[in-house]
Amino acid sequence: MPGERLRALILSDIHSNLEALAAVIGDARQRGGFDCVWCLGDMVGYGPDPSECLRLLREFDLVAVAGNHDYAAAGVIDASDFNGAAYAAIRWTGEQLDGDDKHFLTELPVVSVEPPFTLVHGSLRAPIVEYLLHPSQALATFGLMTTPYCLVGHSHQPFVCRDMAPMPMFLPLPEGGSVELDNGRCIINPGSVGQPRDRDSRASYAIFDSDGPAIEHYRVEYDIALTQSKMRRAGLPEYLINRLDYGV
């Protein structure tokens, strides 16, 4: 119904990290719950539980877009340009996925519109490959937006970018606080659930509450050691294992 309150759990870059994903879902439930999940891509890759993460996500009312790791694991794109550790992990990931997993990933769109948001993994200019981190990159996406707000992932770094003259301005996404959505356009990155890269090892996520309307940003601790032990048993690269301790 028009005007009905919506709370959407916004996730990105889960990267097969089941412990982080489960911790985020549990934390979000304790903070008022959510009606649906919006996922900004890279559900798989790097981590030890790709199929398990997909199964858990698909239990919810899910809107998801493809990330580069999702498409690479499903064989939609070539992963030969990935760095060595990422390439080794994506080859292993592809071997763990069954036919249904790969079909699900293959069918993901690269852009989805959930008014008043556009969802994309990287940017609207290059949906699965561009890291949107600089004003010129934000300017290109603002130029392609048909909704007031855009949600992106890929960089694993939480931020809000305001459409300001003469150039867009990047601001921190405040932890435990809200970003009020007003008449100004903005791009928001909720950070990474499964492999943060902002020197904070805790899982990062956001919630959209239409009653504000506002974006709430939260961090939550999870059992990093358990994820790391699973990765070692799977023979995944040590570099990927160690970086989880430091959020880099």
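Everything discussed here concerns the structure shown above.
No experiment lies behind these values; they were computed from the predicted model shown. (Residues numbered from 1 in each chain as written. Predicted model: local features only at pLDDT ≥ 70, side-chain atom pairs only at ≥ 80, totals over all residues. Heavy atoms only, no water.)

Some remarks on the overall build of the protein
Helix and strand content of the protein: 8 helices and 12 strands. Viewed in the frame of its principal axes, the protein has a C-alpha envelope of about 50 × 35 × 35 Å. Across the 248 residues of the protein, 58% fall into the buried class. A separation of at least 24 residues holds for 72% of the contacts in the protein among residues at least 6 apart in sequence. Summed over its atoms, the accessible surface of the protein is roughly 10200 Å², and 51% of this surface lies on carbon and sulfur atoms. One way to put it: in the protein the 19 positive side-chain charges average out to a point 4 Å from where the 33 negative ones average out. (Helix = DSSP H or I, 4+ residues; strand = E, 2+ residues; numbered from the N terminus. Buried < 20%, exposed > 50% of the residue type's maximum accessible area, 1.4 Å probe, protein only. Contact = heavy atoms within 4.5 Å. Areas by Shrake-Rupley, 256 points an atom, 1.4 Å probe, with all protein chains shown as cover. Lys, Arg positive; Asp, Glu negative; His and termini not counted. Charge placed at Lys NZ, Arg CZ, Asp CG, Glu CD.)

Considering helix α5 (residues 99–106)
Among the residues of α5, those classed as buried are Asp 101, Phe 104 and Leu 105. The arc that holds every buried residue of α5, seen down its axis, measures 95°, which confines them to one face. On its buried side, α5 packs onto α2 (50–57), β3 (62–64) and α3 (68–74). Where α5 begins, the capping side chain belongs to Asp 98, and its oxygen is found 3.1 Å from the backbone nitrogen of Asp 100. (Arc of directions from axis to C-beta. Polar contact = N/O pair within 3.5 Å; in protein donor to acceptor, adjacent residues only side chain to side chain.)

A look at unusual backbone geometry
Note that the residue after Ala 165, namely Pro 166, is joined by a cis bond; omega there is 5°. Take Pro 166: it is sitting in the loop between β7 (159–162) and β8 (169–171). Not every positive phi belongs to a glycine, and His 15 is a case in point at roughly 55°. Following the sequence through the fold, His 15 ends up in the loop between β1 (7–11) and α1 (18–30). The buried category is assigned to His 15, whose relative accessible area is 1%. Phi is positive for Asp 42, close to 55°, though the residue is something other than glycine. Mapped onto the fold, Asp 42 is located in the loop between β2 (36–39) and α2.

Regarding the pairing of strand β10 (residues 186–189)
The side chains of a regular strand alternate, residue by residue, between the two faces of the sheet. The side-chain alternation of β10 yields two buried faces, one formed by Cys 186 and Ile 188 and the other by Ile 187 and Asn 189. For strand β6 (residues 149–151) and β10, the ladder comprises 3 bridges, and the chain directions are parallel. Residue pairing across strands places Leu 151 opposite Ile 188, the latter belonging to β10. Pairing between β7 and β10: 4 bridges, direction antiparallel. Across the sheet, the residue bridging to Arg 162 is Cys 186, located in β10. (Pairing = 2+ DSSP bridges.)

Overview of the nonpolar core
Proteins that are soluble and globular tend to have nonpolar side chains buried together. Within the largest apolar cluster, 51 residues are counted, with the highest numbers of intra-cluster contacts made by Leu 9, Leu 11, Ile 14, Met 43, Leu 105 and Tyr 205. Per-element tally for this core: the top contributor is α1, with 6 residues. Excluding its chain neighbours within four sequence positions, the residues that come into contact with Ile 14 are Leu 21, Cys 39, Gly 41, Asp 42, Met 43, Cys 53, Leu 57, Val 193 and Gly 194. The next biggest cluster of nonpolar side chains, apart from the first, holds 20 residues, and it includes Leu 151, Leu 173, Leu 181 and Ala 206. (Core = buried A, V, L, I, M, F, W, Y, C linked by side-chain atoms within 4.5 Å.)

Side note on the packing of aromatic side chains
Across all of its chains, the model carries 7 aromatic pairs by this definition. Taken together, a centroid distance of 5.5 Å and an interplanar angle of 45° make the contact between Phe 117 and Tyr 149 tilted. Here the residue Phe 117 occupies a position in strand β5 (residues 117–120), and Tyr 149 occupies one in strand β6, the gap between them amounting to 32 residues. Residue classification places Phe 117 among the buried positions, given a relative accessible area of 0%. A residue is classified by how much of its surface remains accessible, and Tyr 149, at 7% relative accessible area, is buried. Each ring, one from Phe 117 and one from Phe 208, has its centre 4.8 Å from the other, and the planes form 75°; the classification is edge-to-face. (Phe/Tyr/Trp six-rings, centres within 6.5 Å; stacked < 30°, edge-to-face > 60°.)

Observations regarding the sheet that holds strand β11 (residues 203–209)
Taken together, 6 strands build an open sheet; the order of strands is β3-β2-β1-β11-β12-β9 and the sheet is mixed. Edge positions in the open sheet fall to β3 and β9 (178–180), since each of these has one partner strand only. Sheet twist, expressed as the mean angle between neighbouring strand axes with direction ignored, is 20°. In the sheet, β1 pairs with β11 via 4 bridges, with the strands oriented antiparallel. Bridge pairing links Ala 8 to Phe 208 in β11. (Axes fitted to C-alpha atoms, helices over the stretch in contact; angles between N-to-C directions.)

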